[in-house]
Amino acid sequence: MKHLNILVVVATVAYAFLDKYLGIVVEPYVYISFLLFAAINGTLLRYGYVEMAKVFGLVLFNVMIFIVATSEPFSTGMYLQYVTAGSVALALYGYEQWKGALLFVLLSLILNVIVFTSEVSFIPWRAVESDQANVFFVINTLIAAVVSVYAFMFYSKINYESELALKANENIIRNQNAELLKANEELDRFVYSASHDLRSPLATLTGLINLSKLEKDDAEKLKYLDLMKERIRAMDSFISEIIDYSRNSRVEVKKEDVNAKMFLESIADDLRYYAGKESIEIHWEIPEDLVIVTDLSRLKIIFSNLISNAIKYHDPAKKISWIKLKTESDIQEIKIIVEDNGIGINKELKDSIFDMFYRAHEHSTGSGLGLYIVKETLAKLNGKIVVESSEGEGSRFLVTLPATLK
Ligand code: ADP
């Protein structure tokens, strides 16, 4: 519509100059009314009355062409502006509003027929000589052709763009579908393995209860009770891992200031009664004042798992077992390293330890869920984890976190 207005203004000014140059007399109000038309239409558009501007613009454009075309010889080709009006109507209403488009095309057609069949005339005759008429015929043909091509290209462009948008949407949907399939597979695997891991200690407990019923010796009975207690502890830690996992995907990420040293000390302190901890030295290489802005409860899940693994997989064959907790930081990132001289991990299995329910040692006592939860939790904190390990020598887990969680 805006472009139609510009066209009307440019054409009116061009006609006014040409008429003057060729000595053709036209009442000034004819030019003024075309300019006024463009001004009113422009104002309607500016204030958002688009539908009104469309109706007003098309009705008046058709009527004004009618008035002009009936006041000059056919040879100027003014009637060709009905092609312009028709193209504009088709472009403005398009397929979605095809009734509006057809109505205005019909209006142009009817007025065009009347131009040729009736003798009516509303303004003084514009006396154009036949050689001058050729000039106007060329101009009118050009305007009609340019507008028709423009309208066609305009629609082709919209079509092309919507096709591109459809393709982009298709890709998004395909990716989302792949993610959903993956999540579904993981869920299936999770339910299967979790139910298995929950049932097996129950079977052990039932066996131990049966055995202790048959046992006469009190000392042996106490041994069975200890074994039962251990199975219950393992089951409890497995259930709390599942709770951590569900909490990570459910609870919103919070941001708080965390002093790295104090935080890691509190984790090590929580693990003081963890089996095997008493024989392990912890070496600290963390500045007192290092602060990370992140989610504390998620950070706890990550480092409880890493430090308890470092304890769990220490190497009893070594004289001194140690865990080193170290940080490296710059303005953007903080690296927290948990290193141990434990049993290490086989090179070929190393990349799988972050998978769900994956255990890299035959005698692993855990569920194999811990490092999977670490990876998922880190994803929520925009962090990442890599592991370097050498069997028999030890492992080094390097966690990278943004210094300030966005
Ligand atoms: P789990 O509950 O079995 O400990 P994790 O997901 O925490 O499960 O770890 C997966 C596997 O990776 C473990 O079973 C163990 O074989 C190996 N692993 C993890 N941490 C260490 C470590 N610090 N040293 C040696 N092996 C480790």
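Refer to the preceding data block for the structure.
About the thresholds
- Residues numbered from 1 in each chain as written.
- Predicted model: local features only at pLDDT ≥ 70, side-chain atom pairs only at ≥ 80, totals over all residues.
- Heavy atoms only, no water.
- Near = heavy atom within 4 Å.
- Polar contact = N/O pair within 3.5 Å; in protein donor to acceptor, adjacent residues only side chain to side chain.
- Helix = DSSP H or I, 4+ residues; strand = E, 2+ residues; numbered from the N terminus.
- 1 Å grid on protein atoms, 1.4 Å probe; cavity = no way out; pocket = protein on both sides within 12 Å on 5 of 7 lines; lining within 4 Å.
- Points joined across faces, edges and corners; volume = space filled by probe spheres on them.
- Nonpolar A, V, L, I, M, F, W, Y, C, P; charged D, E, K, R; others polar.
- Axes fitted to C-alpha atoms, helices over the stretch in contact; angles between N-to-C directions.
- Parallel < 35°, antiparallel > 145°, perpendicular 65-115°, else oblique.
- Left-handed = near helix turned anticlockwise from the far one by under 90°.
- Contact = heavy atoms within 4.5 Å.
- Expected span 1.5 Å × (residues − 1).
- Buried < 20%, exposed > 50% of the residue type's maximum accessible area, 1.4 Å probe, protein only.
- Phe/Tyr/Trp six-rings, centres within 6.5 Å; stacked < 30°, edge-to-face > 60°.
- Pairing = 2+ DSSP bridges.
- Lys, Arg positive; Asp, Glu negative; His and termini not counted.
- Salt bridge = Lys/Arg side-chain N within 4 Å of Asp/Glu carboxyl O.

Undergrad: I'd like a description of the site of the ligand, backed by residues and values.
TA: In the region of the ligand, 21 residues are neighbours, and N309, Y313, H361, S364 and L371 sit closest. In the environment of the ligand, an oxygen atom lies 2.7 Å from a nitrogen or oxygen atom belonging to the side chain of H361. At 3.0 Å, a backbone N or O of S367 approaches an oxygen atom of the ligand. Considering every element that reaches the shell around the ligand, the biggest residue donor is helix 9 (residues 296-312), with three residues.

Undergrad: Talk me through empty space enclosed by the protein; I want residue IDs and the actual numbers.
TA: Once rolled over the atoms, a probe with the size of a water molecule shows which space is left empty. As enumerated under the stated definition, the model contains one cavity of 30 Å³ or more in all. Around the largest cavity sit A69, E72, P73, F74, T76, M78, Y79 and V115, which together line it. Looking at the lining of the largest cavity residue by residue, the class counts come to six nonpolar, one polar and one charged.

Undergrad: Describe the packing of helix 6 (residues 130-214) against helix 7 (residues 218-250), and please don't skip the residues or the numbers.
TA: Between helix 6 and helix 7, the least distance of the axes is 9 Å, while the angle of their chain directions is 165 degrees. With respect to helix 7, the element helix 6 is oriented roughly antiparallel. Every pair of crossing elements has a handedness; the one defined by helix 6 and helix 7 is left-handed. Two secondary-structure elements touch here, helix 6 through F190, A194, D197, L198, P201, L202, T204, L205, L208, I209, L211 and S212 and helix 7 through K221, Y224, L227, M228, R231, I232, M235, F238, I239, I242 and Y245. Classifying every residue of the contact of helix 6 with helix 7 gives 18 nonpolar, two polar and three charged.

Undergrad: Just give me the short version of helix 9, but keep the residues and values in it.
TA: Spanning 17 residues, helix 9 covers 24 Å between terminal C-alpha atoms, matching the ideal 24 Å at 1.5 Å per step. Helix 9 sits mainly inside the fold: twelve of its 17 residues count as buried. Turning to helix 9, its buried residues are R298, L299, I301, I302, F303, N305, L306, I307, S308, N309, A310 and I311.

Undergrad: Hey, could you go over the packing of aromatic side chains for me, with residue numbers and the actual values?
TA: Counted under the stated rule, the structure contains 15 aromatic pairs. Measuring from centroid to centroid gives 4.8 Å for Y79 and F116, while their planes differ by 65 degrees, and the two rings are edge-to-face. In this pair, Y79 is assigned in the loop between helix 3 (50-69) and helix 4 (81-93) and F116 in helix 5 (residues 98-117), connecting sequence segments 37 residues apart. Residue classification places F116 among the partly exposed positions, given a relative accessible area of 39%. With a centroid separation of 5.8 Å and an interplanar angle of 35 degrees, the aromatic rings of Y245 and Y372 are classed as tilted. With Y245 in helix 7 and Y372 in helix 10 (residues 370-380), this residue pair connects regions lying 127 residues apart in the sequence.

Undergrad: Describe the pairing of strand 3 (residues 291-294), with residues and values.
TA: Side-chain alternation along strand 3 places I292 and T294 on a buried face and V291 and V293 on a face that remains uncovered. Strand direction decides the pairing type here: strand 1 (residues 256-259) and strand 3, joined by four bridges, are antiparallel. Bridge pairing in strand 3 links E256 to T294.

Undergrad: Before we move on, could you go through the side chain of D340 and cite the residues and values that matter?
TA: Note that D340 resides in strand 5 (residues 333-340). There is no salt bridge for the buried D340, and the closest opposite charge comes from K318, which lies 7.1 Å off by N-O distance. Apart from the residues within four sequence positions on either side, D340 is in contact with A310, W322, I323, E393, G394 and S395.

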